Amino acid sequence: MAKLNMLPVSVLAFTALSFGAPTQAPDLDSATEFALTYGFPLYPYASSSVEVMQVANGTNKFYHERALATPDFNQVVSPNVDTLYSAAVLDLSHNDLILEIPEVDDRYYVFPLYDVYGNNYVNLGSTSKSKAGKYRIRYTSDKSQQPGLQLCSHITRKRATELNCDGLEGIITAVTPYGSSQPRYAVTGASDDLDKIHAFQDQSKIYTVAKPQPDNAANKNEIPKLTMALLNSTLSSDMAVKVMQLTARIAPYNPARNGSDQARVDRNLKAAGIDNGKYKHQPGQDLQCSFNATKVKMVAVSKSKKNSMDLGHEWSTLRSSVQGDFGTNYLVRQTVATAGYLQLTQSEALYPTYTGESSMRLNESQAYLFTFESKPPLKELGFWSLTAYNAEHFLIENDLNVYSLGDRSNLTYSDGTLVYGNDEHEDVPFQILVQPANVQPPKNWTSNWLPAAANGGDMSLLLRFYAQEDELTNGKYKAPLLQKVDAIVE
Ligand SMILES: *[C@@H]1O[C@H](CO)[C@@H](O)[C@H](O)[C@H]1NC(C)=O
Ligand SMILES: *[C@@H]1O[C@H](CO)[C@@H](O)[C@H](O)[C@H]1NC(C)=O
Ligand SMILES: *[C@@H]1O[C@H](CO)[C@@H](O)[C@H](O)[C@H]1NC(C)=O
Ligand SMILES: *[C@@H]1O[C@H](CO)[C@@H](O)[C@H](O)[C@H]1NC(C)=O
Ligand SMILES: *[C@@H]1O[C@H](CO)[C@@H](O)[C@H](O)[C@H]1NC(C)=O
Ligand SMILES: *[C@@H]1O[C@H](CO)[C@@H](O)[C@H](O)[C@H]1NC(C)=O
Ligand SMILES: *[C@@H]1O[C@H](CO)[C@@H](O)[C@H](O)[C@H]1NC(C)=O
């Protein structure tokens, strides 16, 4: 960073030496970068929570999205048309919660729980084979209680009594007192399907119950209630300053995902000017410069072999150890919070990234051709999709109203038979053509045509697999071959 270069050589040497020393106070620049990286997810947390709390009328209540995204929808970037969402902002500071999940056996669904930093620490749903019923969610500052799910049927009667298991399927110990949930249900495409999902949404419930005594009476007085004011008042309009302010308000009450890293986190936040619930600019601190430095590091970390794995044909993805639940890898966490906040862990989904081109773009005489070696291997109720987005990352207007293709579409093999709905072609390839909406391909391509923006332009394509089989990640099944070709026309 520019500022460091102006320091005398002796100070530089000292900085370099003190950098790795675990107990010494970190230098200002590295502490500031650390704080910005560590606290960054609180920025999307606060902004999305403000929206959810407005539509749900507060914390600890579900808001249900009732319709699928269309090209007019511009609330979030890269919306999917695979699942219908609900959302709730969770505040466990003064109460426990009961989450009631409905009986859903005809489709993929998941009730993910996220801590305030976006770590996906528990998933209830089809992949976990969760039972319908009630789950208590609690936060305790008792460090001997590991965060996670304990099924009431899997613990001793004595322990079940201690945990107040009566009438419950399980107890979820939260990582942080503030958090969120974003339940989602797969859409099958059948005509009455949204009505079915609405019924599931209406059967799902979340409500507060008193904390059992003497669970954590101490916390109860100490942790502030999660309010609109805490998330939204008197914040700077500058993103870096806002991250520091939110970190000052939220981090003291919301522990690190990995408790053994807490002391290092505290030391760095303090050295960066975060103390006693307030952020104070430090003499010589250049937040913009440090924030830029974190952006450079994010680019490096997302390319690092250590964090990613190869899926074949120039596709890669995050390793399962850093997807959705990030441990102490705060840089990956910041990267995901920037690009795709509230990621699920790999036990639920796979989000491949194409590395063969740094950005995607078509002109009106070009197309992208995807060749799948065979049907992607999925677990029961699993699904997959390929969705096209325009330069603004919104869905693309087209006459067919097709925004995504996948296992629920009428894809055909080259002989015209259906890829799904016919068992005779288990292991043969099929193709998807991504071609501008105004450049009609020959008729036999119609059901495999995913329209790109008319006349071409910058675009992005997202491939998503839910409840994927291990073959997709262990090298047995390669992600699709992607080629840029001349547009296919009569
Ligand atoms: C919103 O919640 C408040 C209490 O928190 C309640 O008084 C009010 O009636 C609720 N409004 C709606 C529209 O549900
Ligand atoms: C959040 O804060 C901004 C800036 O002060 C304000 O314009 C907005 O109305 C606030 N939103 C809510 C829901 O209070
Ligand atoms: C927690 O972090 C420490 C070092 O900070 C590391 O040694 C340990 O493996 C981590 N634990 C988990 C469960 O990730
Ligand atoms: C940070 O990066 C932006 C955009 O890349 C640049 O305009 C700005 O000058 C940089 N600021 C500092 C302080 O390095
Ligand atoms: C599209 O791009 C290709 C490759 O650069 C080029 O050969 C072709 O002339 C372009 N077509 C149009 C209509 O711009
Ligand atoms: C697939 O084809 C069937 C029969 O023609 C039709 O009813 C259905 O709507 C089609 N599905 C999609 C997703 O286009
Ligand atoms: C359409 O027909 C052409 C020519 O026979 C063939 O090469 C191509 O694979 C077919 N495409 C699909 C999706 O069936």
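Residues numbered from 1 in each chain as written. Chains lettered and ligands numbered in written order. Predicted model: local features only at pLDDT ≥ 70, side-chain atom pairs only at ≥ 80, totals over all residues. Heavy atoms only, no water.

Per an unreviewed UniProt entry, the chain goes by DUF1254 domain-containing protein and derives from Penicillium steckii.

## Observations regarding the site of ligand 3
Taken together, the neighbourhood of ligand 3 is formed by Asn 258, Ser 260 and Thr 328. Between ligand 3 and Asn 258, the relevant distance is 2.3 Å, taken from an oxygen atom to a side-chain nitrogen or oxygen of the residue. Within the contact set of ligand 3, an oxygen atom lies 3.4 Å away from a side-chain nitrogen or oxygen of Ser 260. Burial of ligand 3 by the surrounding chains reaches 28%, relative to a free accessible area of 360 Å². (Near = heavy atom within 4 Å. Polar contact = N/O pair within 3.5 Å; in protein donor to acceptor, adjacent residues only side chain to side chain. Areas by Shrake-Rupley, 256 points an atom, 1.4 Å probe, with all protein chains shown as cover.)

## Some thoughts on the domain arrangement of the chain
Taken domain by domain, the chain comprises domain 1 (1-7 + 17-291) and domain 2 (357-486). Using C-alpha coordinates to define each centre, domain 1 is positioned 34 Å away from domain 2. At the interface, 23 residues of domain 1 touch 18 residues of domain 2. Between domain 1 and domain 2, roughly 1,600 Å² of surface is buried when both sides are summed, and carbon and sulfur atoms account for 63% of that area. (Domains from an automatic or database assignment. Contact = heavy atoms within 4.5 Å. Buried area = accessible area lost by both parts, 1.4 Å probe.)

## Concerning the sheet that holds strand β3 (residues 96-101)
With respect to topology, five strands assemble into an open sheet ordered β7-β8-β6-β3-β11, the strand pairing being mixed. Either end of the sheet is taken by a strand with one partner, and the two such strands are β7 (148-151) and β11 (205-209). Looking at each pair of strands side by side, their axes are set apart by 25° on average, direction ignored. Relative to strand β6 (residues 133-138), β3 runs antiparallel, the two sharing five bridges. Bridged to Leu 97 within β6 is Ile 137. (Pairing = 2+ DSSP bridges. Helix = DSSP H or I, 4+ residues; strand = E, 2+ residues; numbered from the N terminus. Axes fitted to C-alpha atoms, helices over the stretch in contact; angles between N-to-C directions.)

## Quick notes on the pairing of β6
Of the strand pairs in this sheet, β6 and strand β8 (residues 170-173) are connected by four bridges, and their pairing is parallel. Looking at β8, one finds that Ile 137 is bridged to Ile 172.

## Some remarks on the pattern of salt bridges
In this structure the tally under the stated criterion is 13 salt bridges. In this structure, Glu 162 and Arg 159 form a salt bridge, with 2.9 Å as the shortest nitrogen-oxygen distance. With Glu 162 and Arg 159 both in helix α5 (residues 157-162), this residue pair falls three residues apart, about one helical turn. Under the relative-accessibility criterion, Glu 162 is labelled partly exposed at 45%. Residue Asp 407 is joined to Arg 408 by a salt bridge in which the shortest nitrogen-to-oxygen separation is 3.4 Å. What emerges from the salt-bridge pattern is a single network uniting Asp 82, Asp 407 and Arg 408. (Salt bridge = Lys/Arg side-chain N within 4 Å of Asp/Glu carboxyl O. Buried < 20%, exposed > 50% of the residue type's maximum accessible area, 1.4 Å probe, protein only.)

## Things to note about the packing of aromatic side chains
As enumerated under the stated definition, the model contains 20 aromatic pairs in all. With a centroid separation of 5.9 Å and an interplanar angle of 10°, the aromatic rings of Phe 34 and Tyr 38 are classed as stacked. With Phe 34 and Tyr 38 both in helix α3 (residues 28-39) and four residues apart, the pair spans about one turn of that helix. The exposure classification of Phe 34 matches that of Tyr 38, with both residues buried. Connected via pairs of aromatic rings, a cluster forms that spans Phe 62, Tyr 109, Phe 111, Tyr 185 and Phe 200. (Phe/Tyr/Trp six-rings, centres within 6.5 Å; stacked < 30°, edge-to-face > 60°.)

## Observations regarding the confidence of the model for the chain
For the chain, the mean per-residue pLDDT works out to 91, and 92% of the residues sit at or above 70. This stretch, residues 1-21, has a pLDDT under 50; its non-local contacts, to residues over four places away or in other chains, come to 16 contacts. (pLDDT = per-residue confidence, 0-100.)

## Some words on the environment of Phe 291
For Phe 291, the position within the fold is in helix α11 (residues 287-303). For Phe 291, a relative accessible area of 5% corresponds to the buried category. Taking the C-alpha atoms as reference points, Phe 291 and Phe 40, separated by 251 residues in sequence, lie 9.9 Å from one another. When neighbours within four sequence positions are excluded, Phe 291 is seen to be in contact with Leu 36, Phe 40, Met 239, Ala 240 and Gln 334.

## Concerning the sheet that holds strand β15 (residues 315-318)
If you walk across this open sheet you meet the three strands as β14-β15-β17, and the pairing is antiparallel. For this open sheet the edge positions go to β14 (308-312) and β17 (353-354), each flanked by a neighbour on one side alone. As defined by bridge partners, β15 adjoins β17 across two bridges and the pair is classed as antiparallel. Directly across from Ser 316, in β17, lies its bridge partner Thr 353.

## With respect to the nonpolar core
Grouped together as the largest cluster of nonpolar side chains are 77 residues, with contacts concentrated most on Ile 137 and Leu 231. With seven residues, helix α4 (residues 42-56) is the single largest residue contributor to this core. Taken domain by domain, the makeup of this core includes at least three residues from each of domain 1 (1-7 + 17-291) and domain 2 (357-486). Setting aside anything within four residues of it in sequence, one finds Ile 137 in contact with Leu 92, Asp 96, Leu 97, Leu 99, Leu 113, Tyr 121, Ile 172 and Ala 174. Residues Trp 315, Leu 386, Ala 453 and Ala 479 belong to the second largest nonpolar core, which totals 31 residues. (Core = buried A, V, L, I, M, F, W, Y, C linked by side-chain atoms within 4.5 Å.)

## Overview of the UniProt feature "domain: DUF1254" (unreviewed entry) in the chain
According to UniProt, the "domain: DUF1254" (unreviewed entry) feature falls on residues 60-207. Taken end to end, residues 60-207 is 11% helix and 36% strand, and its two terminal C-alpha atoms sit 6 Å from one another. (UniProt positions renumbered as here; feature names shortened; annotations may be inferred.)

## Some words on α3
Taking 1.5 Å as the rise per residue, α3 with 12 residues should run 16 Å; its terminal C-alpha atoms sit 16 Å apart, in good agreement. Burial runs high along α3: 11 of the 12 residues are buried. Every buried residue of α3 is accounted for by Asp 29, Ser 30, Ala 31, Thr 32, Glu 33, Phe 34, Ala 35, Leu 36, Thr 37, Tyr 38 and Gly 39. Looking at where α3 begins, the residue whose side-chain oxygen comes 3.1 Å from the main-chain nitrogen of Asp 29 is Asp 27. (Expected span 1.5 Å × (residues − 1).)

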